[in-house]
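# Secondary and tertiary structure notes
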2 protein chains.
Amino acid sequence: MSQARLMDGTALARRIVDEAAKKAADLTERTGTAPCLATVLVGEDPASVTYVRMKQNRCRKAGITSRHVPLPADTTTEQLVGTLRDLSADPAVHGILLQHPMGPHIDERAAFEAIAPEKDVDGVTFASFATMSFGLPGFVSCTPGGIMRLLDEYGVDPAGRRAVVVGRSAILGKPAGMLLLARDATVTYCHSRTADLSAAVREADIVVAAVGRPRLIRGQDIKPGAVVIDAGYNAGNVGDVDFDSAVERASLITPVPGGVGPMTIATLLEQTVDAAARQLGV
Amino acid sequence: MSQARLMDGTALARRIVDEAAKKAADLTERTGTAPCLATVLVGEDPASVTYVRMKQNRCRKAGITSRHVPLPADTTTEQLVGTLRDLSADPAVHGILLQHPMGPHIDERAAFEAIAPEKDVDGVTFASFATMSFGLPGFVSCTPGGIMRLLDEYGVDPAGRRAVVVGRSAILGKPAGMLLLARDATVTYCHSRTADLSAAVREADIVVAAVGRPRLIRGQDIKPGAVVIDAGYNAGNVGDVDFDSAVERASLITPVPGGVGPMTIATLLEQTVDAAARQLGV
């Protein structure tokens, strides 16, 4: 049996970032202002610190200024909302990234909603979710947005095809399904309460695994020729799909790592530059 | 073969409206203020005029004041947005209903977004769509909300069951699917681009038809014992489901009329009273 072609997220992400860097340079030259992403971090969770630092580094390489706003771990929701409102109103800031998850004492939703939709380059607000869902202009959640770009890059038109999204988180599964629906796929949402996951996956022309359970999706359930997008990331670089068996049946599959992962930050950078261009009137 | 039991929306809606009327009377007695729904109508489309008048009559009977705001047909989006913002800020108004569809010169989305979420008793804003989608407190779109009430009334727990929603409009299909997903159904969205609608419907334990095409869903595609919710309304009181054949296979089915239809306005009235109670601090 022939093996699936790999969807190279690393290469596509690099092209997107290069393109964003060009736009950022052009914008800086024309307006005297570089695109600026505010990164807001509550507390000092080591993983979160690392993620934010990585995003800042990637911004710098792309010619995007980042303004880091570290807040103490005991920051209240009210204080955080105040900070995010200030950043939303600050004309020198074009995009806002609130690193999450945050501590349980923070009302995460209240915090997200304090981000102005036109600066929501991470796609976490109600408004962004709704514009994604209704196929309207707006920023997308970065990972689902990156998934759609991968499909486009590899010539996969979702229209009329059955897509099965496994997972229903607010920033991954739910918006991924809505973006596929807006592109005319017949979309099924599966999750922990789905009675027969295998049966649902077997129907799929496009599988999006976005649930965070190592190797939950097995090759025997992949319809021959299906497109398999693995957005899971688990310890030891293991995805939500059992790659070794799925690669034997899929036509296209994302590796882990190097598939969906790199697309997330590329989408963030691209949307930050787009936000800056819009706000600077270019 | 045994026939499906009918889901009596007329009776359930009457109970919901009676309950809302009791709450409205109680609220009026305790605060001296009756719940107030503002109804905004652009132009004089005869069907829209009739709908608004019907809603006003139903409000009156339930002890809800309605404040009618008729606007000329050539009202601009900007003017409409201004009116809706004023109503959103007016403490004497507890709920806002913007009759739609409106003329093509109106940016409907801009108008909806001018409605404060806490007065969005028709469930049309981005915020309401997102709270429905994320299972958070908020107002629901009235028809999908009514569908969920019908399911509850007849003891249908969507958890773990396969639900197929046919149609993906912003105020019916999309939110209906999201509400079912929030209740742990495995949800599939079908629509005009779905390649094999029959195959998808045949999988469904719960079918929600919400597309506005007369008798699109035929009995032969209903899984024996499925629950069939027909939210279609077409000329001649014909639903989206071929009732005569579907009733032979379903376990529960909504008639047209008298199924989903009456639930929509009942939900509107209930949410208006709830909005008033919250705003009046009761």
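Just so it is clear, the model here is predicted, and its values are computed rather than measured.

Contact pair helix α7 (residues 173–182) of chain A / helix α7 (residues 173–182) of chain B: the axes reach a minimum separation of 13 Å and the direction vectors enclose 150°. One way to sum up the angle between α7(A) and α7(B) is to call them roughly antiparallel. Crossing angle aside, the handedness with which α7(A) passes α7(B) is right-handed. In this structure, α7(A) uses A:Lys174, A:Met178 and A:Leu181 to contact α7(B), whose residues at the interface are B:Lys174, B:Met178 and B:Leu181. Here the contact of α7(A) with α7(B) is built from residues that sort into four nonpolar, no polar and two charged.

Moving on, we get to a nonpolar patch on the surface. Residues A:Tyr51, A:Met54 and A:Tyr233 make up a contiguous nonpolar surface patch of roughly 360 Å² in combined accessible area. Within the secondary structure layout, A:Met54 lies in helix α2 (residues 46–61).

Here the focus is the UniProt feature "domain: Tetrahydrofolate dehydrogenase/cyclohydrolase catalytic" (unreviewed entry) in chain A. Cross-referencing UniProt, the feature "domain: Tetrahydrofolate dehydrogenase/cyclohydrolase catalytic" (unreviewed entry) maps to residues 7–122 of chain A in the present numbering. Within the segment residues 7–122 of chain A, helix and strand shares are 50% and 16% respectively, and the terminal C-alpha atoms sit 23 Å apart.

Another point: the pattern of salt bridges. The tally for this structure, following the rule as stated, stands at 30 salt bridges over all chains. Through salt bridges that share partners, A:Arg162, A:Glu203, B:Arg162 and B:Glu203 make up one connected network.

Okay, the interface of chain A and chain B next. A common way to express how large an interface is: the accessible area buried when the components associate. In this complex, chain A contributes 30 residues to the contact, which on the side of chain B involves 30 residues. The contact between chain A and chain B buries some 2,600 Å² in all, and 64% of this surface belongs to carbon and sulfur atoms. When residues of chain A are sorted by the area they lose upon contact with chain B, A:Phe126, A:Phe134 and A:Leu181 head the list and together hold 22% of the total. Across the chain A-chain B interface, the total number found is six salt bridges.

Here we take up the relation of the copies chain A and chain B. Between the two copies of this chain, the relationship is a rotation about some axis together with a displacement along it. Overlay of chain A on chain B (RMSD 0.0 Å): rotation 180°, translation along the axis 0.0 Å. Both copies of the chain, as the preceding transformation shows, are related through a two-fold rotation axis. Across chain A, the rotation axis passes nearest the C-alpha of A:Thr188, at a separation of 2.0 Å. A share of 100% of interface residues in chain A that are also interface residues in chain B marks the association as one of identical surfaces.

This part is about the environment of A:Met102. Residues and elements named next belong to chain A. Its location among the elements puts Met102 in the loop between β4 (95–98) and α4 (108–113). Sequence separation between Met102 and Leu41 is 61 residues, and the spatial gap between their C-alpha atoms is 8.4 Å. What Met102 contacts, discounting residues up to four positions off in sequence, is Val42, Leu80, Glu108 and Ala111.

Turning our eyes to something else, we now look at the packing of helix α5 (residues 126–134) of chain B against α7(B). All names here are of chain B. Contact pair α5 / α7: the axes reach a minimum separation of 7 Å and the direction vectors enclose 30°. As far as their axial angle goes, α7 and α5 are roughly parallel. On the side of α5, the interface is formed by Phe129, Met132 and Ser133, while α7 contributes Lys174, Pro175, Met178, Leu179 and Ala182. Counted by class, the contact of α5 with α7 contains six nonpolar, one polar and one charged residues.

All names here are of chain A. Mapped onto the secondary structure, Asp122 falls in the loop between α4 and α5 (126–134). One buried charge, Asp122, has no salt-bridge partner; the nearest side chain with opposite charge is Lys55, at 5.6 Å. Beyond its immediate stretch of four places on either side in the chain, Asp122 contacts Ile96, Leu97, His100, Val140, Ser141, Cys142 and Leu268.

In this section: the sheet that holds strand β2 (residues 36–42) of chain A. Residue and element names in this part refer to chain A. Pairing in this open sheet of three strands is parallel, and the strands run β3-β2-β4 from one edge to the other. The two strands at the open ends of the sheet, each matched to only one other strand, are β3 (65–71) and β4. Pairs of neighbouring strands in the sheet enclose a mean axial angle of 20°, with direction left out of account. α2 contacts β2, β3 and β4 of the sheet and is inclined by roughly 170° relative to β2.

This part covers the nonpolar core. Membership of the largest hydrophobic core comes to 104 residues, with the highest contact counts inside it found for A:Leu151, A:Leu180, B:Leu151 and B:Leu180. Residues contacting A:Leu180, with those up to four places away along its chain left out, are A:Met148, A:Leu151, A:Pro158, A:Ala163, A:Val165, A:Ala185, A:Val187 and A:Val208.

When its domains are assigned, chain A resolves into domain 1 (31–117) and domain 2 (141–260). The C-alpha-based centres of domain 1 of chain A and domain 2 of chain A are spaced at 29 Å.

In spatial order, the strands read β1(A)-β9(A)-β8(A)-β7(A)-β5(A)-β6(A)-β6(B)-β5(B)-β7(B)-β8(B)-β9(B)-β1(B); together these twelve strands make up an open sheet with mixed pairing. This sheet does not close on itself; its edge strands, each paired only once, are β1 (5–6) of chain A together with β1 (5–6) of chain B. As paired strands, strand β5 (residues 162–166) of chain A and strand β7 (residues 206–209) of chain A are joined by four bridges and run parallel to one another. From the neighbouring strand, A:Ala163 faces β7(A), where its bridge partner is A:Ile206. Set on the sheet, α7(B) makes contact with β6 (186–190) of chain A together with β5 (162–166), β6 (186–190) and β7 (206–209) of chain B; between it and β6(B) the angle comes to about 170°.

This part covers the packing of aromatic side chains. Inspection of every chain in the model, using the stated rule, returns six aromatic pairs over all chains. Look at A:Tyr189 and B:Tyr189: their rings are 6.4 Å apart centre to centre, the planes differ by 75°, and that puts the pair in the edge-to-face class. With A:Tyr189 in strand β6 and B:Tyr189 in strand β6, the pair connects residues from two separate chains. Summarising the burial analysis for this pair, A:Tyr189 and B:Tyr189 share the class buried. Through a chain of ring-to-ring contacts, three or more aromatic side chains come together here, namely A:Phe126, A:Phe129, A:Phe134, B:Phe126, B:Phe129 and B:Phe134.

The next thing to look at is helix α1 (residues 9–31) of chain B. Residues and elements named next belong to chain B. The end-to-end C-alpha separation of α1 is 32 Å, in line with the 33 Å expected for 23 residues at 1.5 Å each. Of the positions making up α1, those classed as buried are Gly9, Leu12, Ala13, Ile16, Val17, Ala20, Ala24 and Leu27. Of the surrounding secondary structure, the elements contacted by the buried residues of α1 are α2 (46–61), α6 (142–153) and α10 (261–279). Downstream of α1 by a residue or two, Gly32 has a phi angle that is positive, lying close to 75°.

Procedures and definitions
- Residues numbered from 1 in each chain as written.
- Chains lettered and ligands numbered in written order.
- Predicted model: local features only at pLDDT ≥ 70, side-chain atom pairs only at ≥ 80, totals over all residues.
- Heavy atoms only, no water.
- Axes fitted to C-alpha atoms, helices over the stretch in contact; angles between N-to-C directions.
- Helix = DSSP H or I, 4+ residues; strand = E, 2+ residues; numbered from the N terminus.
- Parallel < 35°, antiparallel > 145°, perpendicular 65-115°, else oblique.
- Left-handed = near helix turned anticlockwise from the far one by under 90°.
- Contact = heavy atoms within 4.5 Å.
- Nonpolar A, V, L, I, M, F, W, Y, C, P; charged D, E, K, R; others polar.
- Patch = residues over 30% accessible without salt bridge, like charges linked within 9 Å, V, L, I, M, F, W, Y side chains within 5 Å.
- Areas by Shrake-Rupley, 256 points an atom, 1.4 Å probe, with all protein chains shown as cover.
- Salt bridge = Lys/Arg side-chain N within 4 Å of Asp/Glu carboxyl O.
- UniProt positions renumbered as here; feature names shortened; annotations may be inferred.
- Buried area = accessible area lost by both parts, 1.4 Å probe.
- Least-squares fit on C-alpha atoms with pLDDT ≥ 70 in both.
- Buried < 20%, exposed > 50% of the residue type's maximum accessible area, 1.4 Å probe, protein only.
- Lys, Arg positive; Asp, Glu negative; His and termini not counted.
- Pairing = 2+ DSSP bridges.
- Core = buried A, V, L, I, M, F, W, Y, C linked by side-chain atoms within 4.5 Å.
- Domains from an automatic or database assignment.
- Phe/Tyr/Trp six-rings, centres within 6.5 Å; stacked < 30°, edge-to-face > 60°.
- Expected span 1.5 Å × (residues − 1).

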